[in-house]
Protein chains: 2
Amino acid sequence: MKIKVASKILDANERLAAENRKIFRNKGVYVINLMSSPGAGKTSLLENTIRALSSSIRLGVIEGDIAGTDDAARIACLGAPVVQINTGGACHLDANMINDVLKELPLEELDLLIIENVGNLVCPAEFKVGEDMKAMILSLTEGHDKPLKYPLMFQESSALLINKIDLKPYIDVDVNKIKRDALSLNPSTRIFEISCKTGEGIGEWTAWLKGLIG
Amino acid sequence: MKIKVASKILDANERLAAENRKIFRNKGVYVINLMSSPGAGKTSLLENTIRALSSSIRLGVIEGDIAGTDDAARIACLGAPVVQINTGGACHLDANMINDVLKELPLEELDLLIIENVGNLVCPAEFKVGEDMKAMILSLTEGHDKPLKYPLMFQESSALLINKIDLKPYIDVDVNKIKRDALSLNPSTRIFEISCKTGEGIGEWTAWLKGLIG
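Keep in mind that this is a model prediction, so the values were computed, not measured.

Considerations on the pairing of strand E6 (residues 159–163) of chain A
Residue and element names in this part refer to chain A.
Logical step 1: With five of its five residues buried, E6 lies for the most part within the structure.
Logical step 2: Judged by which residues are buried, E6 turns out to be covered on both faces: Ala159, Leu161 and Asn163 on one side and Leu160 and Ile162 on the other are all buried.
Logical step 3: By the bridge criterion, five bridges tie strand E5 (residues 133–139) to E6 in an arrangement that is parallel. Bridged to Ile137 within E6 is Leu161.

Listed below in structure tokens is the structure:
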């Protein structure tokens, strides 16, 4: 009974995600669904990405949070179009929530839309929102056991950004184990070691993004 | 329609949680539901707690993870009774999962049972498992904006442990803002600043635990 309900909800979401994707295609927008645990650095990555790409790529953002508008305010400060979704308790974004706010964004004027999901290493990986690609951030401080403990998120993500790499000297975390286990779950994942604080690795990430958008 | 289903699931969970609680009462076990984001330090806190209390309190553990048995192995090394639950994708523990494994633990011989929930700052706060108290860990590296962005978890938790306090010199995080916002959400929360790496603050936490169990 429970399984039947869950499957119906997923089906409805898949249908709406396909509709969103068609809209994005028609408008010529490449869409990334960005996911991570709370505090891994999604908004900081967006700030760095906007700063690096603003002269060459028109980037918009959808911010997903349970409550608050702090993240949208940070993005708006940089002059990028942004919409905040407050899920009011829901632990992930779904295609319906995204569809609801698309009219608030100037999609015709965007090359790239990044959707910052709710901070959660589990549920967001289960719900498509109409994206071309899923990307995830792991904060180095979360530890090297995370790929094998949260496998779906790593399997679903085409890019893995290992953030806060500047803290490596101060913590006992094996970066190579993270990479090895992530690649065992998804051999085609592109891995970036970055620091949103020092800027390390941001150039490689933004160059890769540019290549995707073409 | 969707809301109706969710409410039925919650009701069933509440009923099973009350049954679990009755069992714990009858056996004289105090139960803590320990929650946090992935990698905030739940298992490390358990290791520290077991080491500090093993001569005075009989402590057992239920480990909740989506996949893997790493955490249970770490607890078993310290000689504490432990059961691992693999949720197989589910993002939180519920009362039914706990009820299912109670026969695997020597409840009569325990004073304290700590249930380590799945790493997730959202969903676990919505599901009672039969606990006397919820406690949460926030890693300092997650940032000072977390209480206002994930309010339910902070509202529900009677204790907030701010872990990795040893990293304070290396990151831009305002500990006082975390405390202020956490207390605005739950004025009776007991806050501990700890480091599972250096041992800072562990003594205050374990002394408080001893007082609770009496």
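Some words on the relation of the copies chain A and chain B
Logical step 1: The two copies are related by a screw motion: chain A maps onto chain B through a turn of 180° and a shift of 0.0 Å along the axis, at an RMSD of 0.0 Å. In short, the pair behaves as if placed about a two-fold rotation axis.
Logical step 2: Of the residues that chain A buries at the interface, 100% are likewise interface residues in chain B, meaning the two copies contact each other through the same surface.

Thoughts on the sheet that holds strand E4 (residues 112–116) of chain A
Residues and elements named next belong to chain A.
Logical step 1: Taken in spatial order, the seven strands line up as E3-E2-E4-E1-E5-E6-E7 in an open sheet, and their pairing is parallel. Among the strands making up the open sheet, the edge pair consists of strand E3 (82–86) and strand E7 (190–193). Put simply, the sheet's adjacent strands are angled 20° from each other on average, direction ignored.

Thresholds, definitions, all that
- Residues numbered from 1 in each chain as written.
- Chains lettered and ligands numbered in written order.
- Predicted model: local features only at pLDDT ≥ 70, side-chain atom pairs only at ≥ 80, totals over all residues.
- Heavy atoms only, no water.
- Buried < 20%, exposed > 50% of the residue type's maximum accessible area, 1.4 Å probe, protein only.
- Helix = DSSP H or I, 4+ residues; strand = E, 2+ residues; numbered from the N terminus.
- Pairing = 2+ DSSP bridges.
- Least-squares fit on C-alpha atoms with pLDDT ≥ 70 in both.
- Contact = heavy atoms within 4.5 Å.
- Axes fitted to C-alpha atoms, helices over the stretch in contact; angles between N-to-C directions.

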